[in-house]
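# Observations on the three-dimensional arrangement
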Amino acid sequence: MNIRSIMNLPDLLEIRSLVCVEPHPDDNEVGAAGTLFQLAQNGCQIHFVTVTDGAAGTSNPDVAGTKLAHIRREERLQAAKLLGVTESIFLNFPDAGTYQVDDLTAQLVDIFRKLQPQMVMTVDPWMAYEAHPDHIKTGKAVAEAVLFSSNPCYKPEAGEPFAVQQIAFYATNYPNTYVDITHVWENKLAALLTHKSQFDNEEWPLLSEYLRLEANEIYALKLKHDQQLVTNSTHGSPKNGLAEAFKVLSSRQLHFFPSALFS
């Protein structure tokens, strides 16, 4: 059942306003930079929300902490500018900290009611084997905030309720939406490399090749997915390309909706 089609909701690349919530200052680029760049080029107003300060994102204890947090904040701003993002918001929760999902949910509801996006995007907290608590807490808090933003009984002091129509998860095992990023692959890499504290090192050649191979595999899934749709055809589509994958759901599918897994 394609409830989003029944509700006549816009496709991902047709979205005009988006809030993209990431656990750490580079996650949006890893999971969705190609798609985000295309959205910005299409005129979409994109707001980044970075949950943690990224202060633990290093194996060098001499760099970790306040110094690294400052570096990563500047990298986030530079990468966002490169992608055409409208605004970057920093919540400054401690990287790998003991903050609670409820605390994050409350702040996100405030943001969603203020910005009133058509769609919210984040990491999939239900990705198999995901062990990083920031990713799990961020994804769950975003889903909860989408659910509660429209509820007038939740934080009435936070302003008028607002119903976010859709949520998109990247880094997911259950994709139902694929975006061709072949023609913007270099833009994705450029945005990633803006995060020098994370990627400007000897591991980058191997990591960039892994990302390319993964994107190529996702493109193959895209072709197979398109062939299964009655209204679409891959006739004329190149057999090789690069893509990003998402699980896109209506906000109505975030509660008591078992078939959402197969949507």
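Residues numbered from 1 in each chain as written. Predicted model: local features only at pLDDT ≥ 70, side-chain atom pairs only at ≥ 80, totals over all residues. Heavy atoms only, no water.

The protein carries the name LmbE family N-acetylglucosaminyl deacetylase in an unreviewed UniProt entry, which gives Alicyclobacillus tolerans as its organism.

The next thing to look at is the overall build of the protein. Within the protein, the secondary structure is distributed over 8 helices and 7 strands. Compactness check: the protein gives a C-alpha radius of gyration of 18 Å against a globular reference of 18 Å for 263 residues, within 12% of the reference. With respect to the principal axes defined by its C-alpha atoms, the protein has extents near 55 × 50 × 35 Å. When the 263 residues of the protein are sorted by exposure, 50% land in the buried category. (Helix = DSSP H or I, 4+ residues; strand = E, 2+ residues; numbered from the N terminus. Rg over C-alpha atoms; globule rule 2.2 N^0.38 Å. Buried < 20%, exposed > 50% of the residue type's maximum accessible area, 1.4 Å probe, protein only.)

Let's shift gears to the nonpolar core. Counting residues in each nonpolar core, the largest one holds 35 residues, and the members touching the most others are Leu18, Leu36, Leu39, Ile46, Phe48, Met121 and Phe246. Sort the elements by how many residues they give to this core and helix α2 (residues 27-41) lands first, with 6 residues. Each residue touching Met121, except ones within four places of it in the same chain, is listed here: Leu12, Leu18, Val19, Cys20, Val21, Ala32, Leu36, Ala168, Tyr170 and Phe246. (Core = buried A, V, L, I, M, F, W, Y, C linked by side-chain atoms within 4.5 Å. Contact = heavy atoms within 4.5 Å.)

Next up on the list: helix α8 (residues 204-227). With 24 residues, α8 should reach 34 Å at 1.5 Å per residue; the first-to-last C-alpha distance of 35 Å fits that figure. Those residues of α8 lying buried are Trp204, Ser208, Leu211, Ala215, Ile218, Tyr219, Lys222, Leu223 and Asp226. In this structure, the buried side of α8 is in contact with β6 (177-180), α6 (185-193), α7 (196-199) and β7 (243-250). (Expected span 1.5 Å × (residues − 1).)

Contact geometry for α2 and helix α3 (residues 66-83): axes closest at 9 Å, N-to-C directions at 35 degrees. Facing Asn28, Glu29, Ala33, Leu36, Phe37 and Ala40 of α2, the residues of α3 in contact are Arg76, Ala79, Ala80, Leu82 and Leu83. Taken together, the residues of the contact of α2 with α3 sort by class into 8 nonpolar, 1 polar and 2 charged. (Axes fitted to C-alpha atoms, helices over the stretch in contact; angles between N-to-C directions. Nonpolar A, V, L, I, M, F, W, Y, C, P; charged D, E, K, R; others polar.)

Attention now moves to the packing of α2 against α6. In contact at an axis separation of 9 Å, α2 and α6 are set at 130 degrees when each is read in the N-to-C sense. Comparing the axis directions of α2 and α6 gives the class oblique. Here α2 runs over α6; the crossing is right-handed. Across the interface between the two elements, Glu29, Val30, Gly31, Ala32, Ala33, Gly34 and Phe37 of α2 pack against Asn187, Lys188, Ala191 and Leu192 of α6. (Parallel < 35°, antiparallel > 145°, perpendicular 65-115°, else oblique. Left-handed = near helix turned anticlockwise from the far one by under 90°.)

Checked against the element boundaries, Val19 lands in strand β1 (residues 17-22). Residues Val19 and Ile111, spaced 92 residues apart in sequence, show a C-alpha to C-alpha distance of 8.9 Å. In contact with Val19, other than residues within four places in its own chain, are His47, Val49, Phe112, Leu115, Pro117, Met119, Val120 and Met121.

For Thr35, the position within the fold is in helix α2. Among the residues examined, Thr35 registers a relative accessible area of 0% and is labelled buried. Leave out the neighbours within four places in its chain, and Thr35 touches Leu12, Leu13, Val179, Ile181, Glu244 and Phe246.

The subject of this paragraph is the pairing of strand β3 (residues 87-93). Sheet topology places strand β2 (residues 45-52) next to β3; 5 bridges connect them, and they run parallel. Residue Thr52 lies in a different strand from β3, and its bridge partner there is Phe93. Where the polypeptide runs from β2 across α3 and back to β3, its parallel neighbour, the crossover connection is right-handed. (Pairing = 2+ DSSP bridges. Right-handed = clockwise from strand over helix to strand, strands pointing away.)

This part covers the pattern of salt bridges. Inspection of the entire model under this criterion finds 7 salt bridges. A salt bridge links Arg76 to Glu22; its shortest N-O distance comes to 2.8 Å. Of the two residues, Arg76 sits in helix α3 while Glu22 sits in strand β1, which places them 54 residues apart along the sequence. The exposure class assigned to Glu22 is buried, which follows from its relative accessible area of 0%. Asp226 is paired through a salt bridge with Lys222; the nearest N and O atoms lie 2.9 Å apart. Placement of both Asp226 and Lys222 in helix α8 is noted, with a separation of 4 residues, approximately one turn of the helix. The same class applies to Asp226 as to Lys222, namely buried. (Salt bridge = Lys/Arg side-chain N within 4 Å of Asp/Glu carboxyl O.)

To continue, consider α2. An α-helix turns once per 3.6 residues; consequently, residues spaced three or four apart project the same way. Along its 15 residues, α2 runs 20 Å from first to last C-alpha, staying within 8% of the 21 Å computed at 1.5 Å per residue. Maximal helix bending in α2 amounts to about 80 degrees, located at Ala33. Counting buried residues along α2, 13 of its 15 residues qualify, which places the element largely inside the surrounding structure. The first or second residue beyond α2 is Gly43, which carries a positive phi of 95 degrees. (Bend = angle between axes of the 7 residues up to and from the residue.)

A word on the sheet that holds β6. The strand order across the open sheet formed by 7 strands is β3-β2-β1-β4-β5-β7-β6, and the pairing between neighbours is mixed. Both outer strands of the open sheet, β3 and β6, are each paired with one neighbouring strand and no more. Recorded for the sheet is a direction-independent mean angle of 25 degrees between the axes of neighbouring strands.

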